[in-house]
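# A structural walkthrough
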Amino acid sequence: MIQVAVLGYGTVGSGVVEVIETNKADINKKAGEELNVKYILDLRDFPGDPYEKKVIHDYQRILDDPEVTVICETMGGLKPAYDFTKQALLAGKSVCTSNKELVASHGPELIQIAKEHCCNYLFEASVGGGIPIIRPLNYSLTAERIDGITGILNGTTNYILTKMDREGADFAEVLKEAQERGYAERNPEADVEGYDACRKIAILSSLMCGKNVRYEDIYTEGITKISSADFKYARQMNQSIKLLAMSRDTQEGFFAMVAPFMISREHPLYSVSDVFNAVYVHGNMLGDSMYYGRGAGKLPTASAVVSDVVDCARHQGKSIMCFWDEENVQVADIADAKRKFFVRVNAGQKEAAIDAFHALAEVNVGIEEEFAFMTQEMSEREFEEKIGKAGGCINRIRLMK
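Definitions and limits used
- Residues numbered from 1 in each chain as written.
- Predicted model: local features only at pLDDT ≥ 70, side-chain atom pairs only at ≥ 80, totals over all residues.
- Heavy atoms only, no water.
- Helix = DSSP H or I, 4+ residues; strand = E, 2+ residues; numbered from the N terminus.
- Rg over C-alpha atoms; globule rule 2.2 N^0.38 Å.
- Buried < 20%, exposed > 50% of the residue type's maximum accessible area, 1.4 Å probe, protein only.
- Contact = heavy atoms within 4.5 Å.
- Areas by Shrake-Rupley, 256 points an atom, 1.4 Å probe, with all protein chains shown as cover.
- Lys, Arg positive; Asp, Glu negative; His and termini not counted.
- Charge placed at Lys NZ, Arg CZ, Asp CG, Glu CD.
- Axes fitted to C-alpha atoms, helices over the stretch in contact; angles between N-to-C directions.
- Parallel < 35°, antiparallel > 145°, perpendicular 65-115°, else oblique.
- Left-handed = near helix turned anticlockwise from the far one by under 90°.
- Nonpolar A, V, L, I, M, F, W, Y, C, P; charged D, E, K, R; others polar.
- Expected span 1.5 Å × (residues − 1).
- Pairing = 2+ DSSP bridges.
- Core = buried A, V, L, I, M, F, W, Y, C linked by side-chain atoms within 4.5 Å.
- Arc of directions from axis to C-beta.
- Polar contact = N/O pair within 3.5 Å; in protein donor to acceptor, adjacent residues only side chain to side chain.

## Overview of the overall build of the chain
Scanning the chain from terminus to terminus reveals 14 helices and 18 strands. Scaling as 2.2 N^0.38, a compact globule of 401 residues should have a C-alpha radius of gyration of about 21 Å, and the chain matches this with 23 Å. Overall size of the chain, expressed as C-alpha extent along the three principal axes, is 75 × 45 × 35 Å. Here the chain, with 401 residues, has 57% of them falling under the buried criterion. Sequence separation of at least 24 residues holds for 73% of the intrachain contacts in the chain that already meet a minimum separation of 6. Accessible area of the chain: about 17,500 Å², with a carbon and sulfur share of 46%. Side chains of the chain carry 45 positive and 59 negative charges; the gap between the two charge centres is 2 Å.

## A closer look at the packing of helix 7 (residues 155-167) against helix 11 (residues 228-236)
Here helix 7 crosses helix 11 at 70 degrees, and the two axes come no closer than 9 Å. By the criterion of interaxial angle, the relationship of helix 7 to helix 11 is roughly perpendicular. Pair helix 7 / helix 11 crosses with right-handed handedness. Between helix 7 and helix 11, the contacting residues are Leu161, Met164 and Asp165 on the first element and Ser228, Phe231 and Arg235 on the second. Of the residues contributing to the contact of helix 7 with helix 11, the split by class is three nonpolar, one polar and two charged.

## Quick look at the environment of threonine 11
Mapped onto the secondary structure, threonine 11 falls in helix 1 (residues 11-22). As a C-alpha pair, threonine 11 and lysine 298 span 287 residues in sequence and 5.5 Å in three-dimensional space.

## Brief notes about unusual backbone geometry
A cis amide bond links lysine 79 with the next residue in sequence, proline 80, at an omega value of 0 degrees. Along the chain, proline 80 turns up in the loop between strand 4 (68-73) and helix 4 (81-90). One non-glycine residue with positive phi stands out, namely cysteine 118, at about 55 degrees. Although it is not a glycine, aspartate 274 sits at a positive phi angle of roughly 55 degrees.

## Quick word on helix 10 (residues 195-209)
Taking 1.5 Å as the rise per residue, helix 10 with 15 residues should run 21 Å; its terminal C-alpha atoms sit 21 Å apart, in good agreement. Among the 15 residues that make up helix 10, 13 are buried, leaving the element largely enclosed by the rest of the structure. Looking one or two places after helix 10, you find glycine 210, whose phi comes out positive at around 80 degrees.

## With respect to the pairing of strand 2 (residues 35-41)
Across the seven residues that make up strand 2, a large majority, six, are buried. Direction of pairing for strand 2 relative to strand 3 (residues 55-56): parallel, over a ladder of two bridges. Bridge pairing in strand 3 links leucine 41 to isoleucine 56.

## Re the nonpolar core
Counting 85 residues, the largest nonpolar core has Ile62, Tyr121, Phe123, Ile160 and Leu204 as its most contacted members. Here this core gets eight residues from one element, more than from any other, and that element is helix 10. Residues in contact with phenylalanine 123, not counting those within four places in the same chain, are Thr97, Val103, Ile111, Ile134, Ile203, Leu207, Asp308, Cys322 and Trp324. Of all hydrophobic cores here, the second largest spans 30 residues; its members include Val16, Ile20, Leu122 and Val309.

## A look at helix 13 (residues 350-357)
Residues Ala353, Ala356 and Phe357 constitute the buried set of helix 13. Around the axis of helix 13, the buried residues are gathered within 80 degrees of arc, so they sit on the same side. Away from the buried face of helix 13 by more than 90 degrees, exposed residues Glu351 and Asp355 are located. Close packing links the buried residues of helix 13 with strand 14 (341-346), strand 15 (360-363), strand 16 (370-375), strand 17 (378-379) and helix 14 (380-389). Among the residues trailing helix 13, histidine 358 stands out with phi positive, at a value near 60 degrees.

## Brief notes about the packing of helix 1 against helix 12 (residues 298-314)
Between helix 1 and helix 12, the shortest axis-to-axis distance is 8 Å and the interhelical angle comes to 65 degrees. Note that helix 1 runs across helix 12; the crossing there is right-handed. Only Lys298, Leu299, Thr301, Ala302, Ser303, Val305 and Val306 of helix 12 make contact with helix 1, whose side of the interface consists of Thr11, Val12, Ser14, Gly15, Val16, Glu18, Val19 and Ile20.

## A closer look at the environment of aspartate 217
Along the polypeptide, aspartate 217 turns up in the loop between helix 10 and strand 8 (219-220). With a relative accessible area of 35%, aspartate 217 lands in the partly exposed category. With 112 residues separating them along the chain, aspartate 217 and serine 105 place their C-alpha atoms 12 Å apart. If near-sequence neighbours (up to four positions away) are discounted, aspartate 217 is found in contact with Val329 and Val331. At 2.8 Å, the side chain of aspartate 217 forms a polar contact with the side chain of arginine 214.

Given below as structure tokens:
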């Protein structure tokens, strides 16, 4: 019997217990052994909960119990999750986590500790909720040289942008509705400023490279400046606006960023709407493949955690391969990246914009006080120089190639 401890009995932690108990027969068959939740660690008590007798408050009991071989860390944040995870791995107990912040910050260190102690640190649920993407990168695509990943990795921002597109509403209005429906936190900064997506693309990029891509080195821009007017222009251009997290391994260097992009109807990511996520992967032999599903939520995320528990049960005493070394990747300055830009300026800047950009394509949706246009392809550095000469802009949005 595989004895499991769950750290944190919040949304995901309670979902882990629910998945194990609801699908017990199928899970045990696939694991090859019976799984049992022995402990649930939380600061709170849960009177009346079906599993209240499993709730404990002292982590040391879990560490000292030789029967517990797998721990599900669903606490979130760095403290005390980092200390608890490290102690567990040093004791030879495998850890399965949904904690993207911890994985992005300490992934290579914790993977190495797990290898040295013949256990595992698995994190399928840290990116894309219930979408299988970590395993495909580690196993299914091992014959490929992955040179590009683009993802819609945050359900909150995708929901907001989808509503703005469909209803012509402004950001603040839709954010308030998302908070009322439970799709956005009371403090939505991590989502709307792109920090959540940044940590997720850092994890995927690290697996793509086999080395460490620091999330602190990734250029990150959120969606707070996107307005209903931007969507009017996007529709005129047969485009939509998505918050994309992407990384590219090119001859010019390794580029990674998170930012809003205009994306054409022909691109597969165009149709990813509401709270759904998708990861678009390019390999040098396979070409393009896409992984799509619910990127967050109690049961989708919990399902991914439990899939890792099953993997641990199948590989007791063995380390599952994961290529993510501690050596840091040098992330190139995005100023050198080339792309087209959609730009809005005040009507009085029209001549200055034409003089600065020369070849441009006007986009007109009848907003008389503005002049909007699409640039030719140019580097980010060149764009900044030109828009400075034109006197700045109301907004600019990059175009997906």
